[in-house]
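Tertiary structure, described
Residue-level listing of the chains:
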Amino acid sequence: MLPKIALGNVRKSLRDFSVFFITLVFGVCAFYAFASINDQTAVIDLNELQSAAVATVTRMLSGVSVFVAVILGFLVVYANRFLVRRRKREFGIYLTLGMGRAQVAAIMVMETLTVGVAALVVGLALGVLLSQVMMYVTANLFEATIPGFAFVFSPRAALSTLACFAAIFALSLLLNVREVSRYKLIDLINADKVSEKVKVRSLPVSVVLFVVSLVLMGVAYRTLLENGIMSDKFGLATALVTVGTALFFFSVSGLLLRFLQGRPGVYLRGLNAFTLRQLNSRVNTAWVSITLVCAMLFVAICGVCTGFSVSRSLSDALEKGSPYDASINAYPRGLMIAGMDDADYDLPEVNEEAASDGFDMVAGMRRKVSDWDDIVSASAQVNQYRPFGAQGGISQRWAYETTSYAADATLDEVLGQNDSRFAFVRASQYNALRALLGEKPVELGRDECLVWSDFAPLDGFWEAFIEQHPGFEALGTTLHPRGMAHETLYNTSAASVTGVFVVADEVLPADLVPAVTSLDVTYSGSVEECEQRFQDACEKACGPANSRGVEAWPVCFMETRQAIADSTVGLTVVTTYLAIYIGVILLISCASVLSIQQLSAVADDVSRYRVLAELGAEPAQIRGALKVQVGVYFVFPLVVAICHAACALTSINGLVSLVTGFHVSNALVATVCFVVALYGGYFLLTYQTSKAMVLRPALR
């Protein structure tokens with residue numbers, strides 16, 4: 001008998017269980033799909049670096065899964081609380097008809113298990129399908145192959161998913177049974193006649209607090225945009241926007257009510273007065289949770305946007321930043337870290353081995369590696385010289401202080417603190433590099449120079465510098481900038497050169513010792529044939545990479561295009577999956593909390609809607625009032641979160657683009673569309689469920 005009642009209740013209350021069911025399905029699907037990544041990649045042909053990247057992803061996702069499990073546990077308990085509250089009167093009737101509390105608890109257990117098992121089955125099925133898609137996406141990101149057709153099911157991921165949700169269900173059932181058992185019969189019978197106590201606030205106070213909230217958020221935005229995320233005022237901006245957001249939701253409903261009350265034509269039209277009063281009472285009682293939802297939406301938007309932007313930018317940076325088969329760097333004088341003010345700075349000793357080779361890296365490699373010319377078919381060396389003292393050096397701070405340029409706060413702070421010396425490059429070596437890239441040489445007069453930078457965020461600064469410095473003193477002469485150069489100096493996943501002057505060969509003294517030497521090479525054969533041979537040659541010349549000192553010659557650091565590609569793809573996979581995983585879970589959490597809050601509110605207000613119908617309100621008017629109430633409740637925290645994210649991403653973009661060249665704000669529109677689509681789905685589900693709850697009793 002009890003199982004029959006439980007199954008009948010589930011069938012009759014499908015709409016009530018819909019939010020609970022869909023949230024569970026989403027959670028199970030995402031949890032399984034990301035937990036099975038290690039097994040997915042087992043069938044993909046990955047090299048050693050790519051396998052290490054997958055291991056990193058797996059470890060990070062395992063840690064994140066604990067956080068996700070806690071969030072999902074909270075959602076399940078929160079959703080069950082709504083279901084129990086909605087059905088208290090039903091449970092009271094069971095007790096009145098002679099059932100014991102143990103039997104009522106058994107019905108609840110059966111109902112929850114029915115919905116839970118169904119959600120687990122559907123969620124696991126969708127998770128398996130999603131994991132198949134992710135397997136091919138991962139293979140595509142790694143540019144790897146999957147031999148033949150592969151279908152992967154991960155028993156380990158399935159068991160961990162089942163164990164996690166079994167624990168969540170057990171906790172939920174325990175809390176549900178406890179909640180029902182502690183109520184008196186009279187309280188259960190009269191549950192639908194009791195609603196939350198509504199706190200009515202002074203409307204003038206709400207107006208004042210609303211204005212204060214806007215001022216606080218405006219000051220926070222300005223502080224963050226003017227000073228940047230690295231400044232000591234970041235904490236102040238965070239505190240101001242937090243308080244401002246809380247005050248905004250604390251006061252906004254009262255302000256909206258006051259504003260429309262002053263316009264009787266709008267306020268008294270249709271059911272606007274009723275709708276606005278209902279909305280005001282709900283926001284007044286739930287402003288804290290709405291503030292927290294807004295904060296989670298903000299984190300989700302920033303996380304997803306940053307993840308998508310970094311992933312896309314990494315692919316672009318790989319092609320631009322790795323034009324050579326391989327690059328090696330050396331420091332003939334070690335690291336030179338003195339600023340322009342260090343007049344008594346003692347230059348490090350010159351590497352005798354480098355000097356004996358004439359600072360020629362190819363000569364050094366040929367001396368140490370007998371088959372060097374069999375591995376490398378072409379190469380170009382570029383030396384960077386940093387003149388000291390009487391040699392005529394100039395500092396980056398001088399360029400910054402004498403150039404009028406509207407930099408963002410982060411760039412402004414970094415440029416203003418940089419007192420290192422500019423490097424100079426001989427035009428002949430620069431042209432050799434261009435020849436390696438298949439480009440024509442550039443001719444420079446004795447008093448001409450090029451500003452060389454492949455770091456896009458600094459292009460505006462250098463263009464302003466060239467315009468405002470038609471001539472400047474350096475190297476004992478007056479140099480006239482002729483334009484900019486943008487070639488990549490050596491293989492790197494970031495910028496290789498942020499400001500170097502290319503000058504005629506005769507301008508630089510012949511006896512000047514290079515601070516940095518870079519050698520870019522083209523393999524004599526395919527990557528498969530030469531990659532390992534080149535790495536072995538570098539190790540033979542200067543030992544393993546982890547044991548080389550900065551004085552190693554001719555190889556201190558080495559980067560190949562293939563190695564950068566593997567590490568870049570690994571970072572792309574990590575950022576993409578983490579952004580999607582965390583972002584989707586947070587979005588589901590936010591939407592579920594708002595949905596359950598609205599369903600609880602509508603359940604309390606069914607009698608009010610019934611009165612409206614008895615007074616002659618049309619069904620279309622009731623549906624409209626309900627849509628506005630649910631819609632505004634969903635839209636307010638989303639709009640505020642988007643505004644916060646736009647400001648934060650603008651500031652974050654200044655730091656991230658300065659360090660990596662990535663622009664995290666590029667994906668903001670796509671991220672917002674993604675958020676609105678998922679968030680909007682929950683809104684429609686909430687509205688349809690609320691409509692069914694209201695109209696059927698109201699129209700009887």
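On a predicted model such as this, the values are computed, not experimentally measured, just so you know. (Residues numbered from 1 in each chain as written. Predicted model: local features only at pLDDT ≥ 70, side-chain atom pairs only at ≥ 80, totals over all residues. Heavy atoms only, no water.)

**Concerning the overall build of the protein**
Tallying secondary structure elements over the protein gives 24 helices and nine strands in all. Among the 700 residues that make up the protein, the fraction classed as buried is 53%. Taking contacts inside the protein between residues at least 6 apart in sequence as the whole, the part at least 24 apart equals 85%. Of the roughly 31,100 Å² of accessible surface on the protein, 61% is carried by carbon and sulfur atoms. (Helix = DSSP H or I, 4+ residues; strand = E, 2+ residues; numbered from the N terminus. Buried < 20%, exposed > 50% of the residue type's maximum accessible area, 1.4 Å probe, protein only. Contact = heavy atoms within 4.5 Å. Areas by Shrake-Rupley, 256 points an atom, 1.4 Å probe, with all protein chains shown as cover.)

**Some remarks on the sheet that holds strand β1 (residues 326-330)**
Strand order in this open sheet of four strands is β2-β8-β1-β9, and the pairing throughout is antiparallel. What marks the edges here is a single partner per strand, and that holds for β2 (376-384) and β9 (557-560). Ignoring which end each strand starts from, the neighbouring axes of this sheet average 15 degrees apart. Summarising the sheet, β1 and β9 pair through four bridges and their orientation is antiparallel. Bridge pairing links isoleucine 328 to methionine 558 in β9. Running over the sheet, helix α18 (residues 427-436) touches β2 and β8 (516-523) and is turned about 150 degrees from β2. (Pairing = 2+ DSSP bridges. Axes fitted to C-alpha atoms, helices over the stretch in contact; angles between N-to-C directions.)

**Some thoughts on a nonpolar patch on the surface**
On the surface, a cluster of nonpolar side chains totalling about 500 Å² of accessible area is made up of Leu113, Val117, Val121, Val122, Leu126 and Leu129. Along the chain, leucine 129 turns up in helix α6 (residues 101-141). Residue classification places leucine 129 among the exposed positions, given a relative accessible area of 54%. (Patch = residues over 30% accessible without salt bridge, like charges linked within 9 Å, V, L, I, M, F, W, Y side chains within 5 Å. Salt bridge = Lys/Arg side-chain N within 4 Å of Asp/Glu carboxyl O.)

**Structural notes on the pairing of strand β4 (residues 448-452)**
Within a regular strand, the side chains alternate between the two sheet faces. Counting buried positions along β4 gives four out of five residues, so the element sits mostly inside the fold. Note that β4 and strand β7 (residues 500-503) share four bridges and pair antiparallel. Counterpart to valine 451 in the pairing with β7 is phenylalanine 501.

**Overview of the nonpolar core**
If you look at the biggest cluster of nonpolar residues, it comprises 80 residues, and the most contacted ones within it are Phe165, Leu297 and Tyr581. Not counting chain neighbours up to four residues away, the residues in contact with leucine 297 comprise Leu587, Cys590, Pro637, Leu638, Ala641 and Tyr679. Of all hydrophobic cores here, the second largest spans 25 residues; its members include Phe359, Trp372, Val376 and Ala537. (Core = buried A, V, L, I, M, F, W, Y, C linked by side-chain atoms within 4.5 Å.)

**Observations regarding the confidence of the model for the protein**
Low pLDDT marks stretches whose predicted atomic positions should not be read closely. Residue-level pLDDT values for the protein average 79, and 79% of them are 70 or greater. In the predicted structure, residues 338-344 sits below a pLDDT of 50 and forms 13 contacts with residues beyond four places in sequence or in another chain. (pLDDT = per-residue confidence, 0-100.)

**As for unusual backbone geometry**
With glycine set apart, most residues show a phi of negative sign, and most peptide bonds adopt trans. With an omega dihedral of 0 degrees, the bond running from tryptophan 553 to proline 554 counts as a cis peptide bond. Inspection of the secondary structure puts proline 554 in the loop between α20 (527-542) and β9. Positive phi outside glycine occurs at phenylalanine 359, with the angle close to 60 degrees. Here phenylalanine 359 lies in the loop between α13 (352-356) and α14 (361-368). You will see that leucine 475, though not glycine, has its phi angle at about 60 degrees, which is positive. Counting through the fold element by element, leucine 475 comes out in the loop between β5 (472-474) and β6 (477-485). When its relative accessible area of 12% is taken as the criterion, leucine 475 is described as buried.

**Considering the packing of aromatic side chains**
Within the structure shown, the criterion is met by 23 aromatic pairs. Ring geometry for tyrosine 331 versus phenylalanine 557: centroids 6.1 Å apart, planes at 85 degrees, classification edge-to-face. With tyrosine 331 in the loop between β1 and α13 and phenylalanine 557 in strand β9, the pair connects residues that are 226 residues apart, well separated along the chain. Ring centres 5.9 Å apart and planes at 70 degrees place the aromatic pair tyrosine 405 and phenylalanine 461 in the edge-to-face group. Residue tyrosine 405 is found in the loop between α16 (396-401) and α17 (409-417), and its partner phenylalanine 461 is found in helix α19 (residues 459-468); the two are separated by 56 residues along the sequence. By way of ring pairs, the aromatic residues Trp398, Tyr405, Phe422, Phe424, Phe461, Trp462, Phe465, Phe472 and Phe501 are connected into one cluster. (Phe/Tyr/Trp six-rings, centres within 6.5 Å; stacked < 30°, edge-to-face > 60°.)

**Quick notes on the sheet that holds β7**
Spatial ordering of the open sheet is given by β3-β7-β4-β6-β5, a layout of five strands whose pairing is mixed. Lying at the two open borders of the sheet, with one neighbouring strand each, are β3 (423-426) and β5. Each adjacent strand pair in this sheet contributes to an overall mean axis angle of 45 degrees, direction not counted. Contacting β3, β4, β6 and β7, α18 crosses the sheet at an angle of about 70 degrees to β3. Strands in contact with α19 are β4, β5, β6 and β7; relative to β6, the strand with the most contacts, it is inclined by about 140 degrees.

**Quick look at the side chain of threonine 517**
Along the chain, the position of threonine 517 falls in strand β8. Each residue touching threonine 517, except ones within four places of it in the same chain, is listed here: Ile328, Asn329, Ala330, Pro332, Met361, Gln381, Val382, Asn383 and Trp553.

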